[in-house]
Amino acid sequence: MKCGVRFCGGCNPRYDRGKAFQRLQEHFKDRMEFSVAEEGVLYDLLLVIGGCTACCASHSQFTFKKMLYKMWDESHTEKIIDGLEKEVSEI
C-alpha cells in the first residue's frame, strides 16, 4: 500500500512532526510504503502532517484512491495508526 505524505512548512510546529512520522513508519514497516507526496503519482492514501491546528499544508494537487488523513497534534498519532491499520487489513 502506498501512502503519500505531505508536511506543512513548519512555521509554527507544536510537536516534533518528524518523530511522529518516524513512529508511523516503524509501526507499518514492511506493510506500507510511505513517500513524500508528488504531483502526478497515484497513492492509495494521503497523509497530511501539520505542525499546529491550522494544518494548512495544501494537498489538492495530489491524487489518492481511498482516504485522506490529517494530523496536527502528537496525540493524533494513535488515531492515525488505528485508521491506517484498518486500511492495511482491507488488502
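Described below are features of the structure shown in this document.

Rules used in this analysis
Residue numbers here run from 1 along each chain, matching the order of that chain's written sequence. Restriction of local features to residues with pLDDT of at least 70 applies here, the model being predicted, together with a cutoff of 80 or more for giving and counting side-chain atom pairs; totals for whole chains, interfaces and linings are based on all residues. In computing side-chain properties, one takes all heavy atoms of the structure into account and sets aside hydrogens as well as water. A pair of strands counts as paired when DSSP detects no fewer than two bridges linking them. Here a helix means four or more residues in a row that DSSP labels H or I, a strand means two or more in a row labelled E, and each is numbered from the N terminus. Between N-to-C directions, angles span 0 to 180 degrees; the directions come from axes that are lines fitted to C-alpha atoms, helices contributing only their stretch in contact. A contact between two residues is defined here by any heavy atoms of the two lying within 4.5 Å. The span you would expect from a helix comes to 1.5 Å times its residue count less one. Summary of the burial criterion: residues with accessible area below 20% of their type's maximum are buried, those above 50% are exposed, and those between are partly exposed, where the area comes from a 1.4 Å probe applied to protein chains only. A crossover counts as right-handed when, viewed with the strands pointing away from the observer, the path leading from the first strand over the helix to the second turns clockwise. In the analysis that follows, any N or O atom pair within 3.5 Å is treated as a polar contact, provided that within protein one partner can donate a hydrogen and the other can accept it, and provided that, for residues neighboring in sequence, both atoms belong to side chains.

**Concerning the sheet that holds strand S1 (residues 2–7)**
Then, number 1: Ordered by their spatial adjacency, four strands build an open sheet running S2-S1-S3-S4, and the pairing between neighbours is parallel. For this open sheet the edge positions go to strand S2 (33–36) and strand S4 (63–71), each flanked by a neighbour on one side alone. Between one strand axis and the next, the sheet turns through 25° on average, direction left out of account.
Then, number 2: Two strands pair when backbone bridges link them, and strand S3 (residues 42–49) and S4 are joined in this way by seven bridges, in the parallel orientation. Within S4, the residue paired with Tyr43 across the bridge is Phe64.
Then, number 3: Helix-sheet contacts for helix H2 (residues 77–89) involve S2, S3 and S4, and the interaxial angle to S4 is about 160°.

**Focus: H2**
Then, number 1: Helix length check: H2 (13 residues) gives 18 Å between terminal C-alpha atoms against 18 Å at 1.5 Å per residue, within 8%.
Then, number 2: Residues of H2 that are buried: Thr77, Ile80, Ile81, Gly83, Leu84, Glu87 and Val88.
Then, number 3: Its buried side turned inward, H2 meets helix H1 (17–27), S2, S3 and S4.

**Thoughts on the pairing of S2**
Then, number 1: Sheet topology places S1 next to S2; four bridges connect them, and they run parallel. For Cys3, the partnering residue across the bridge sits in S2 and is Phe34.
Then, number 2: Each parallel crossover has a hand, and the one from S1 via H1 to S2 is right-handed.

**What to know about the side chain of Asp44**
Then, number 1: Looking at the secondary structure, you find Asp44 in strand S3.
Then, number 2: Look at Asp44 and you get buried, because its relative accessible area is 15%.
Then, number 3: Engagement of the side chain of Asp44 in a polar contact is seen with the side chain of Lys65, the distance being 3.3 Å.
Then, number 4: Setting aside chain neighbours within four positions, we find Asp44 in contact with Met1, Lys2, Phe64, Lys65, Lys66 and Met67.

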